Amino acid sequence: MTRMTETNPYSFEHGAFDITVFSDGFIMLPDQIILPDTPAEDRPAILGRIGGDATAAPFQVNIPLIRIGKDLILVDNGSGTRFQDTAGRLAGNLKAAGIDPEAITKVIFTHVHPDHSGATVNPDGTLLYPNADYYVSEAEWAFWTDKDFEIHMPEALHGFARGAQRDLNAVRDRLTLVKPGDDIVSGMQAVSTRGHTPGHISLELRGRDNLLITGDAATSNVVFFEHPDWHFGFDTEPEIALANRKMVLDRAAGEKLKLLGYHWAYPGVGYAERQGTTYRFSAAD
């Protein structure tokens, strides 16, 4: 196994799947988003533990590329040029590894936030992965494509909705809507982890010990493992997100599931271990 530099991805096998985690860089999030339940005076110490300063912290962006049979599958595609300058590195890192964008056969969206789908369309309007089929949950599609989103959504989500509609409509003729429980390929099943968005899904891959690709079901492998009762500021349905995060961590610890988190310390692969009523993240070897 290999670990991090931006051009030295982390690879492992899981059952029939060959998985390589590529970095898309990182995004900076402010303290009030990461720690909305935490008194302001207690925030700097926590942010410091995850590499931040007194007011913000970096969140890595870990994107798995999965090879099975003739398929080459990306789970989310990163920010492209549409979020923060510190992100959008995926395409360059794939190129450095000798992977042609035209070789990608499937792109699966855990959800359609700009740091997960912003690379769908190039600045010139073409698709970055022109030969791929795309997958998103039915509930995610229904939420973001609401033509009356400016009436039904809070103003803070209007920009996200415009971006989601851009990305989803660009691939509409090659988009498959999935439901929790559907297999996307043999051995890869969509799992509902609603809350961060109303249609957020994770992906469970069958193997000796199953692997759960969690997307943003838990956005920090420190903060939300150690404090599973704390909210996260970007969760659209906060209480549902919190309940589903606890469900994921409880199940992962009980079943010894391997986990892969989108914003966890690179490469984001490891296990949840119970510590009383909280959890500890243990990185995979």
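Parameters and conventions
Residues numbered from 1 in each chain as written. Predicted model: local features only at pLDDT ≥ 70, side-chain atom pairs only at ≥ 80, totals over all residues. Heavy atoms only, no water. 1 Å grid on protein atoms, 1.4 Å probe; cavity = no way out; pocket = protein on both sides within 12 Å on 5 of 7 lines; lining within 4 Å. Points joined across faces, edges and corners; volume = space filled by probe spheres on them. Helix = DSSP H or I, 4+ residues; strand = E, 2+ residues; numbered from the N terminus. Nonpolar A, V, L, I, M, F, W, Y, C, P; charged D, E, K, R; others polar. Pairing = 2+ DSSP bridges. Axes fitted to C-alpha atoms, helices over the stretch in contact; angles between N-to-C directions. Buried < 20%, exposed > 50% of the residue type's maximum accessible area, 1.4 Å probe, protein only. Contact = heavy atoms within 4.5 Å. Salt bridge = Lys/Arg side-chain N within 4 Å of Asp/Glu carboxyl O.

Draft legend 1. Representation of empty space enclosed by the protein in the model. Throughout the structure, instances matching the rule amount to 3 cavities of 30 Å³ or more. Within this model, the largest cavity holds a volume of roughly 110 Å³. Taken together, the elements giving at least two residues each to the lining of the largest cavity come down to β2 (17–30) and α4 (114–117). Grouping the amino acids of the lining of the largest cavity by side-chain chemistry returns 8 nonpolar, 4 polar and 2 charged.

Draft legend 2. The sheet that holds strand β13 (residues 269–275), seen in detail. Strand order in the open sheet formed by 7 strands is β8-β9-β10-β11-β12-β13-β14, and the pairing between neighbours is mixed. Of all the strands in the sheet, the pair left with one neighbour each is β8 (183–185) and β14 (278–283). Averaged over all adjacent pairs, the angle separating strand axes in this sheet is 35°, with direction ignored. Across 3 bridges, strand β10 (residues 201–205) lies against strand β11 (residues 211–215) in antiparallel orientation.

Draft legend 3. Fine view of the layout of surface pockets. If you add up the space inside the largest pocket, you get close to 160 Å³. In this structure, the largest pocket is lined by I50, P58, F59, Q60, T219, S220, N221, V222, H263, W264, A265 and Y266. Counted by class, the lining of the largest pocket contains 7 nonpolar, 5 polar and no charged residues.

Draft legend 4. How the structure looks around the sheet that holds β2. What the 7 strands build is an open sheet, ordered β1-β2-β3-β4-β5-β6-β7; its pairing is mixed. Since the sheet does not close on itself, it has two edges, and those belong to β1 (10–14) and β7 (175–178), each with one partner. Adjacent strand axes in the sheet meet at a mean angle of 25° when their direction is disregarded. Two elements, β2 and strand β3 (residues 56–68), share 11 bridges in a ladder whose sense is antiparallel. Counted as the bridge partner of F22 is I63 from β3.

Draft legend 5. Local environment of the side chain of D235. As for its position among the elements, D235 is in the loop between α8 (223–226) and α9 (238–255). Residue D235 is classed as buried on the basis of its relative accessible area of 10%. Excluding anything up to four places from it in sequence, D235 contacts G195, H196, A241 and R245.

Draft legend 6. Here's a closer look at the pairing of strand β12 (residues 258–261). Alternating positions in β12 separate into two faces, K258 and L260 on one and L259 and G261 on the other, with burial throughout. With 2 bridges joining them, β12 and β13 adopt antiparallel strand pairing. Directly across from L259, in β13, lies its bridge partner G270.

Draft legend 7. A look at the pattern of salt bridges. This structure, assessed with the given rule, holds 15 salt bridges. Across the pair R162 and E150 runs a salt bridge, and its minimum N-O distance is 3.4 Å. Placement of the pair is R162 in helix α7 (residues 158–170) and E150 in helix α6 (residues 149–152), with a sequence separation of 12 residues. A salt bridge links D229 to K246; its shortest N-O distance comes to 2.4 Å. With a gap of 17 residues between them, D229 in the loop between α8 and α9 and K246 in helix α9 connect regions that are remote in the sequence.

Just distances and angles here, no functional claims.
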